[in-house]
Amino acid sequence: MTRTDVTEETEGSEPGGYAAARLRLLTEGARSGPPRRRALAELTDDWLAGLFGSATGGHTGVSLVAVGGYGRGELSPRSDLDLLLLHDGRDDKAVAALADRLWYPVWDMGLDLDHSVRTPQQARKTAGEDLKVQLGLLDARHLAGDLGLTSALRTAVLADWRNQAPKRLPELRDLCAERAERQGELRFLLEPDLKEARGGLRDATALRAVAASWLADAPREGLADARRRLLDVRDALHLATGRATDRLALQEQDEVAAALGLLDGDALLRQVYEAARVISYAGDVTWREVGRVLRSRSVRPRLRAMMSGRNGGKPAAERSPLAEGVVEQDGEVVLARTARPERDPVLPLRAAAAAAQAGLPLSLHAVRRLAATARPLPTPWPAEAREQLVTLLGSGRPTVQVWEALEAEGLVTRLLPDWERVRCRPQRNAVHLWTVDRHLIETAVRAAGFTRRVHRPDLLLVAALLHDIGKGWPGDHSVAGETIARDVAARIGFDRADAAVLATLVRHHLLLVETATRRDLDDPATVRAVAAAVGTERTLELLHALTEADALATGPAAWSSWRGSLVADLVKRVAGVLAGEPAAEAEAAAPTAEHERLAVEAFRTGGPVLALRAQTEPPAQPSDLSDLSGLSGTADASGRGPGDPGAVDPAGNVPEPLGVELLIAVPDQAGVLPAVAGVLALHRLTVRTAELRSLPLPDGVDGSVLLLDWRVAAQYGSLPQAARLRADLVRALDGTLDIAGRLAERDAAHPRRRGVEPPPPRVTVAPAASRLATVIEVRAQDAPGLLFRLGRALEAAGVRVRSAHVSTLGANAVDAFYVTRGEGVPLPGEEAASVAREVEESLRG
């Protein structure tokens, strides 16, 4: 039968009427959410039933069945139709013709269709072989035809599922785990897949399947609402894009938020993350229960009888004491029979700390009982409560699952009300792997590994928990966090001196890494400023550990052995000042014999002379860097790249060399900085630091030679030969190498994907950053040739660059340039501001 024949024979079902009614339903502003999904499913049911009725011609022993999401009545605007044509197998030719009369009108409507034609026996056999088919059939719903045929299949499929649950549920658990590994966690992704990511709609469906097995059940509180919220977001996403997509891309988030009546994309993500958190936690609890039930069923009957007490033949559950009022039972932490949460306000923290120390989950029943009956802690907290919080935070990786259990039942915000503002708060920065709340817990996990190197581990752990608490408030989160940290410290029982230390740690938690990577550590003003902010050697010790824990908890792009060595160098210098040692005035280091040789050779030849020397400095605190994963930012030709040499991999392998020291001597002339930066960009070399100074020539010789001392590393493969670098540098200096054109050609040959429009660049003057030079700080989107463009802009502004400090986090470049006038003095205020404006305009142009 041809497609035309099929369409003509089904005209009586009025597909045009369905299309018009569907369009009206989807464009009605008054109806959305579950009512619209139900109405769309009912409208589609009626249309398909009409198609079926006009196409069967009195044929019996056949039915039309909705399965999967359509079977649940969850039709989003662009959902596909999951349909099963069920038949008794008596007339295969007639059934094939009927299928054509059904499927072609659906395709003509432009709807996606997932269809199958099977007998009940075939359907059961396929379900037994394919878990996804079986999951779809669990939601089978009769649409038209032989109701008895559909009902018999539903009954048989449910019976098969329950009988096979001990085998199929582990398969389903593995399927969910594999999908989570592939798609990531919904509640931490900036562009999440609402369906496939962990905590998404697929997981919610899997929990329904577990409940249908009668083997275990998910925590039901909040689960239906979480599922509804994700479906509402998907509906709005389908209408905004006009496509059947489940990925919530950045460019659609504000439009989807507006459609749902939310303030902006951040409010939308926070709602999505909260729903995903509920589903993920329900999944954790459910799969633990499945494992417990399956383990208990695997015990031989005789052994079970031997283990039985007087409890009707059931095995007596062994209970091992962990703490006052807290015991372990069947692999979980539960409350003792004598526990009285209504009389013991410290019990929630004591139970949580005991669970984390034992590496066990808190049972759902225990957490809910604590949430329902525990008395609130007095203010300030008793010493035991504070000690139990510190114990919980210092337990390492097990802290995460225990904290999430407390958070699921609202206990965290009851203990720390300020937590509500950071809970499920997204961070729109590719460097961050986590939401703000999870990042704080991850920082505490990392800090737990550093407690042996500080004198006050309790202050380190609490500072780790609070360091970004200000991100829930407007303005600088460090400033807001300082006030919050001081208040929280007093509430949980720290004295005034300890509260002041915690406030200082939160206020300056970014100070060390930002100073080490963006400032000249040889400038005494830099070291004195940090010493003044920190105040004491013990606070510096805590801040050093917090800095490392924070960076490691941020993501692989935030820390490397290179950054670690810079921070350690800064800490050593600041510690000397705090110990009473004078900050040495920065003096130009006497040129080495190699420097003098290069300078003489450059003067003699009238061109650049290069020397490459390997750098293999070990990272600072090597015993504390054994689990670093290295830097992996955006790779491009700007002089930055995806890998800081020297990064330690997750297996703890020995660091690679930090790169090479590139020494360049060239007769003093204009355009040296952009020429060198451009050549390095063309050769895909990552620039770490850059220092420039003028060397006088021997007595009796007029003129000077510029010496550039840069640290570089190969972005890809091995380093280029010095001869090639020199040849290109010669051409760049004499103007025969069109660096800008070459970079533009490369960018055109490999265009970047269009994404969200980045914020405009910003160039500022850092106040009082140095007594010897003016510090121009540049924040911009990393791009090919950025360092080259900056060099040209500074040359055009008529300033001399004394040193450059290059830093890249993800797609964001933060570079600091120490500049002076030609005679080597800092720029006056007005002139410095003017230079900053000129550089910013050049980047925007």
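Help me understand the overall build of the chain in this model?
In terms of regular secondary structure, the chain is built from 33 helices and 16 strands. Burial statistics for the chain: of 845 residues in total, 53% are counted as buried. Here the analysis covers contacts within the chain between residues at least 6 apart in sequence; of these, 72% occur between residues at least 24 apart. Accessible area for the chain stands at about 37,100 Å²; split by element, carbon and sulfur atoms hold 50% of it.

Hey, could you run me through the pairing of strand β1 (residues 62–66) in this one?
Across a regular strand the side chains alternate sides, sitting on one face of the sheet and then on the other. With five of five residues buried, β1 lies mostly within the body of the structure. Of the two faces of β1, the one lined by Val62, Leu64 and Ala66 and the one lined by Ser63 and Val65 are each fully buried. Bridge count for β1 against strand β2 (residues 81–87) is five bridges, and the pairing is antiparallel. Note on β2: the bridge partner recorded for Val62 is His87. Pairing between β1 and strand β4 (residues 141–145): four bridges, direction antiparallel. Paired with Ser63 across the strands is Gly145, a residue of β4.

What exactly am I supposed to notice about helix α23 (residues 496–507) here?
Since one α-helical turn is 3.6 residues long, residues separated by three or four positions face the same way. Along its twelve residues, α23 runs 16 Å from first to last C-alpha, staying within 8% of the 16 Å computed at 1.5 Å per residue. Against α21 (457–466), α22 (477–491) and α26 (537–554) lie the buried residues of α23. Among the residues of α23, the N-terminal cap falls to Asp495, whose side-chain oxygen and the backbone nitrogen of Ala497 are separated by 3.2 Å.

I would appreciate a short explanation of the packing of helix α15 (residues 347–358) against helix α17 (residues 383–393) in the present structure.
Any two packed helices are characterised by the angle at which their axes cross and by the distance between the axes. Packing of α15 against α17 leaves a shortest axis separation of 8 Å and a crossing angle of 30 degrees. Comparing the axis directions of α15 and α17 gives the class roughly parallel. As α15 runs across α17, the sense of the crossing is left-handed. Counting all contacts with α15, which are made through Leu349, Arg350, Ala352, Ala353, Ala356 and Gln357, the residues of α17 involved are Glu384, Ala385, Gln388, Leu389, Thr391 and Leu392.

It is not clear to me how the environment of Asn429 should be interpreted in this structure. Could you clarify?
With respect to the element layout, Asn429 can be found in the loop between α19 (411–415) and α20 (436–448). With relative accessibility at 28%, the residue Asn429 sits in the partly exposed group. Residues Asn429 and Leu190, spaced 239 residues apart in sequence, show a C-alpha to C-alpha distance of 8.6 Å. Here Asn429 is in contact with Leu190 and Asn812, once residues within four sequence places are set aside.

So what exactly am I meant to see when it comes to the pairing of strand β5 (residues 319–323) here?
Pairing between β5 and strand β6 (residues 326–329): four bridges, direction antiparallel. Each residue of the ladder has a partner; that of Arg319, found in β6, is Gln329. Connecting β5 to the next strand, β6, in antiparallel fashion are two residues, including Gly325 with a positive phi near 80 degrees.

It is not clear to me how unusual backbone geometry should be interpreted in this structure. Could you clarify?
Glycine aside, a negative phi is what most residues show, and trans is what most peptide bonds show. Going from Thr379 to Pro380, the amide bond is cis rather than trans, its omega being -5 degrees. By the element assignment, Pro380 lies in the loop between α16 (364–373) and α17. In this model, Asp330 sits at a positive phi of 55 degrees, which is unusual for a non-glycine residue. Inspection of the secondary structure assignment puts Asp330 in the loop between β6 and β7 (332–335). Looking at Asp330, the relative accessible area reads 42%, which means it is partly exposed. The residue Cys424 is not glycine, and still its phi comes out positive at about 60 degrees. Assessed through its relative accessible area of 4%, Cys424 is described here as buried.

Whenever I open this one, the packing of aromatic side chains confuses me. Can you help?
In this description, a pair of aromatic rings is defined by centroid distance and the angle of the planes. For the structure on display, the rule yields four aromatic pairs. On the numbers, 4.3 Å between centres and 5 degrees between planes, the contact of Tyr18 with Trp47 is stacked. One end of the pair, Tyr18, is in helix α2 (residues 15–27); the other, Trp47, is in helix α3 (residues 33–56), with 29 residues separating them in the sequence. The pair Tyr18 / Trp47 is uniform in exposure class, with both members buried. Ring centres of Phe188 and Trp434 lie 4.9 Å apart, and the angle between their planes is 90 degrees; this geometry places the pair in the edge-to-face category. Note that Phe188 is positioned in the loop between α9 (165–183) and α10 (201–212) and Trp434 in the loop between α19 and α20, a separation of 246 residues in sequence. Each member of the pair, Phe188 as well as Trp434, carries the same accessibility label: buried. Here the guanidinium or amino end of Arg421 rests over the ring plane of Trp473, the centre of that ring lying 3.6 Å away.

For this particular structure, what's the right way to read the confidence of the model for the chain?
The predicted coordinates ought not to be read in detail in places where the model reports low pLDDT. Per-residue confidence for the chain gives a mean pLDDT of 86; residues scoring 70 or more make up 87%. Predicted confidence in the chain is weakest over helix α1 (residues 3–9), with a mean pLDDT of 41, and strongest over α23, with 98. Predicted confidence is poor over residues 1–13, with pLDDT under 50, and the contacts of this stretch with residues over four places away or in other chains come to 20 contacts. Contacts from residues 616–657, a stretch scored under 50 in pLDDT, to residues over four places away or in other chains number 124 contacts.

In this structure, what is going on with the sheet that holds β5? I would like to understand it.
Backbone-to-backbone hydrogen bonds join strands into a sheet, with any given pair of strands oriented parallel or antiparallel. If you walk across this open sheet you meet the three strands as β5-β6-β7, and the pairing is antiparallel. The sheet is open, and its two edges are formed by β5 and β7, each paired on a single side. Strand-to-strand twist in this sheet, taken as the mean axis angle between neighbours without regard to direction, amounts to 40 degrees.

Just to check I follow, could you spell out the packing of α9 against α10 for this structure?
Here α9 crosses α10 at 170 degrees, and the two axes come no closer than 11 Å. On the basis of their axis angle, the class for α9 and α10 is roughly antiparallel. Residues Leu169, Leu172, Cys176 and Arg179 of α9 touch α10, and the partners they reach there are Arg202, Asp203, Ala206, Ala209 and Val210. Split into classes, the residues belonging to the contact of α9 with α10 amount to six nonpolar, no polar and three charged.

I keep staring at the nonpolar core and nothing clicks. Help me out?
For soluble globular proteins, nonpolar side chains are generally found buried alongside one another. Residues Leu362, Trp381, Trp403, Leu416 and Trp419 are the most contacted members of the largest nonpolar core, which totals 96 residues. Setting aside residues up to four positions removed in sequence, Trp403 forms contacts with Leu389, Leu392, Leu393, Val412, Leu416, Trp419, Ile441 and Leu465. Judged by nonpolar contacts, the second largest core, of 52 residues, contains Val687, Leu708, Leu790 and Leu843.

Conventions used here
- Residues numbered from 1 in each chain as written.
- Predicted model: local features only at pLDDT ≥ 70, side-chain atom pairs only at ≥ 80, totals over all residues.
- Heavy atoms only, no water.
- Helix = DSSP H or I, 4+ residues; strand = E, 2+ residues; numbered from the N terminus.
- Buried < 20%, exposed > 50% of the residue type's maximum accessible area, 1.4 Å probe, protein only.
- Contact = heavy atoms within 4.5 Å.
- Areas by Shrake-Rupley, 256 points an atom, 1.4 Å probe, with all protein chains shown as cover.
- Pairing = 2+ DSSP bridges.
- Expected span 1.5 Å × (residues − 1).
- Polar contact = N/O pair within 3.5 Å; in protein donor to acceptor, adjacent residues only side chain to side chain.
- Axes fitted to C-alpha atoms, helices over the stretch in contact; angles between N-to-C directions.
- Parallel < 35°, antiparallel > 145°, perpendicular 65-115°, else oblique.
- Left-handed = near helix turned anticlockwise from the far one by under 90°.
- Phe/Tyr/Trp six-rings, centres within 6.5 Å; stacked < 30°, edge-to-face > 60°.
- Lys NZ or Arg CZ within 6 Å of the ring centre and 35° of its normal.
- pLDDT = per-residue confidence, 0-100.
- Nonpolar A, V, L, I, M, F, W, Y, C, P; charged D, E, K, R; others polar.
- Core = buried A, V, L, I, M, F, W, Y, C linked by side-chain atoms within 4.5 Å.

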